[in-house]
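Listed below are the residues making up each chain.
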Amino acid sequence: MDCDKCDREAVMHAAYSGAHLCDAHFCTSVEKRVRRRIRSDALVPSDASPENPQTWVVGLSGGKDSVVLTHILDETFGRDPRIDLVALTIHEGIEGYRDESLDACLELSEALEMRHEVVAYDDEFGVRMDDVVESDPMDMAACAYCGVFRRDLLERYADEFGADKLLTGHNLDDEAQTALMNFLEGDLEQMAKHFDASIGPFAAGDDDLRERPASDRFVPRAKPLRDVPEKEIALYAHLMDLPTHMAECPHASEAYRGEIQELLLELEENHPGTRHSIMAGYEELAALAAQRYRDDGTGADLTDCERCGSTTSGDVCRKCRLLEAL
Ligand code: SF4
Ligand SMILES: [Zn+2]
Ligand SMILES: [Zn+2]
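Now for a quick tour of the structure. (Residues numbered from 1 in each chain as written. Chains lettered and ligands numbered in written order. Predicted model: local features only at pLDDT ≥ 70, side-chain atom pairs only at ≥ 80, totals over all residues.)

Some details on the overall build of the chain
Part 1: Of regular secondary structure, the chain possesses 12 helices and nine strands.
Part 2: Dimensions of the chain, computed from C-alpha atoms along their principal axes, come out at roughly 65 × 50 × 50 Å.
Part 3: Put simply, the chain has 326 residues, and 35% of those count as buried.
Part 4: For the chain, the proportion of contacts with a sequence separation of at least 24, taken over those separated by at least 6, is 73%. (Helix = DSSP H or I, 4+ residues; strand = E, 2+ residues; numbered from the N terminus. Buried ≥ 20, exposed ≤ 12 C-beta atoms within 10 Å, placed from the backbone. Contact = placed C-beta atoms within 7 Å.)

Digging into the nonpolar core
Part 1: Grouped together as the largest cluster of nonpolar side chains are 65 residues, with contacts concentrated most on V58, V68, L88, F195 and A286.
Part 2: For this core, the element with the highest residue contribution is helix α6 (residues 142–160), accounting for eight residues.
Part 3: Ignoring sequence-local partners within four residues, the contact set of F195 consists of G200, R212, A286, A287, A289 and A290. (Core = buried A, V, L, I, M, F, W, Y, C linked by C-beta atoms within 7 Å.)

Here we look at helix α7 (residues 172–184)
Part 1: Spanning 13 residues, α7 covers 18 Å between terminal C-alpha atoms, matching the ideal 18 Å at 1.5 Å per step.
Part 2: Buried residues of α7: L172, D173, E175, A176, Q177, T178, A179, L180 and N182, and no others.
Part 3: Directly after α7, the chain includes G186, whose backbone phi takes a positive value near 65°. (Expected span 1.5 Å × (residues − 1).)

Re the sheet that holds strand β6 (residues 165–167)
Part 1: The strand order across the open sheet formed by five strands is β5-β4-β3-β6-β7, and the pairing between neighbours is parallel. Strands with a single pairing partner mark the edges of an open sheet, and in this sheet they are β5 (115–120) and β7 (221–222).
Part 2: With respect to the sheet, α6 is in contact with β3 (54–59), β4 (83–91), β5 and β6, its orientation differing from that of β4 by roughly 150°. (Pairing = 2+ DSSP bridges. Axes fitted to C-alpha atoms, helices over the stretch in contact; angles between N-to-C directions.)

Examining the site of ligand 1
Part 1: Surveying the vicinity of ligand 1 reveals the residues E92, M129, A142, C143, C146, G147, C249, H251 and A252.
Part 2: Per element, the largest residue contribution to the shell around ligand 1 is four residues, and it comes from α6.
Part 3: Partitioned by chemical class, the residues of the shell around ligand 1 number six nonpolar, two polar and one charged. (Near = placed C-beta within 6 Å. Nonpolar A, V, L, I, M, F, W, Y, C, P; charged D, E, K, R; others polar.)

Focus on the packing of α6 against helix α12 (residues 318–325)
Part 1: The contact between α6 and α12 brings their axes to 10 Å, and the two run at 125°. One element, α6, and the other, α12, form an angle in the oblique class. Like other packed secondary-structure pairs, α6 and α12 cross with a definite hand, here left-handed. Packed against α6, whose contacting residues are Y145, V148, F149 and D152, the element α12 presents R318, K319 and L322 at the interface.
Part 2: Class assignment of the residues belonging to the contact of α6 with α12 gives a composition of four nonpolar, no polar and three charged. (Parallel < 35°, antiparallel > 145°, perpendicular 65-115°, else oblique. Left-handed = near helix turned anticlockwise from the far one by under 90°.)

Examining the pairing of β5
Part 1: Note that β4 and β5 share six bridges and pair parallel. By the bridge assignment, H91 is partnered in β5 with A120.
Part 2: Taking the sense of rotation as the criterion, the β-α-β connection linking β4, helix α3 (residues 98–112) and β5 turns out right-handed. (Right-handed = clockwise from strand over helix to strand, strands pointing away.)

Here we look at unusual backbone geometry
Glycine aside, a negative phi is what most residues show, and trans is what most peptide bonds show.
Part 1: Even without glycine at this site, D136 takes up a positive phi of about 40°.
Part 2: The partly exposed category is assigned to D136, around which 15 C-beta atoms lie within 10 Å.
Part 3: Located in the positive-phi region is D241, a residue other than glycine, with phi close to 55°.
Part 4: Along the polypeptide, D241 turns up in the loop between α9 (230–239) and α10 (255–270).

Focus on the pairing of β4
Part 1: Most of β4 sits inside the fold, with seven of its nine residues counted as buried.
Part 2: Running through helix α2 (residues 64–77), the crossover from β3 to the neighbouring parallel element β4 is right-handed.

This is the structure:
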């Protein structure tokens, strides 16, 4: 099969769009989708300038998603004086997994000459995920602890580095899974939070009800890869010969998400375009839910954790309670 845009051989066929693309045209199409998302989410504010640059902290794990995100951001903004990029890697303390992926992070940040910071659970909390899994005082899945710790450090260090935004490499499959989980759990409040925390646009022209409100409690997050399917990100990383670490974490345990992932892959196989249409409908619904719950005064009940000062809805934050149990 030939490429739709030139007479070279196609390396991929996207059933959801019918496109056949060669390596060069495929890579361009991935980059275009990421840049289009950056524009439509208005990630670069109109007042960003060389005198008043934005700092974007990029969560870099060494997996294909965050490596592709960091690479495309560098291609797009590496020489743009309005944007300062900082890569941030969280080291969870997982034997035979994180050290290898850290090598991929170092290789990439050195090649791009990008500032790169590494923060470890061990140094910050005095625990390693390998030990957490051993003791498991709350009888929970590994990811339930790990997610709380990671979010805490990403937030705290993004703030410390003066980040205006925290960017992560969630792809279309990740986001469609989250959307479907929120649908199936019937959790509109969670949809509202998802919208305001990471998928709502920063500016939406006349439709200002769609804009997410500024928060002085959290560094706003964004997901510029969320229009690109996971498989295409893997293919892009391969074709561009980017340093990535492909192994899976030995403690990966999000059972429900795994079920949803299988369901979505099967739906996509039989009905190409399902992931895109889920996200299109979900974003509309989440925007409406955000308006509804924002009006309810969501956010007013947040305070500072008594122990660590991070934002929480109780007296002591979840991270501090987990650390205490450990
Ligand atoms: S898969 Fe789970 S335990 Fe492993 S790094 Fe990710 S969140 Fe942590
Ligand atoms: Zn081509
Ligand atoms: Zn706390």
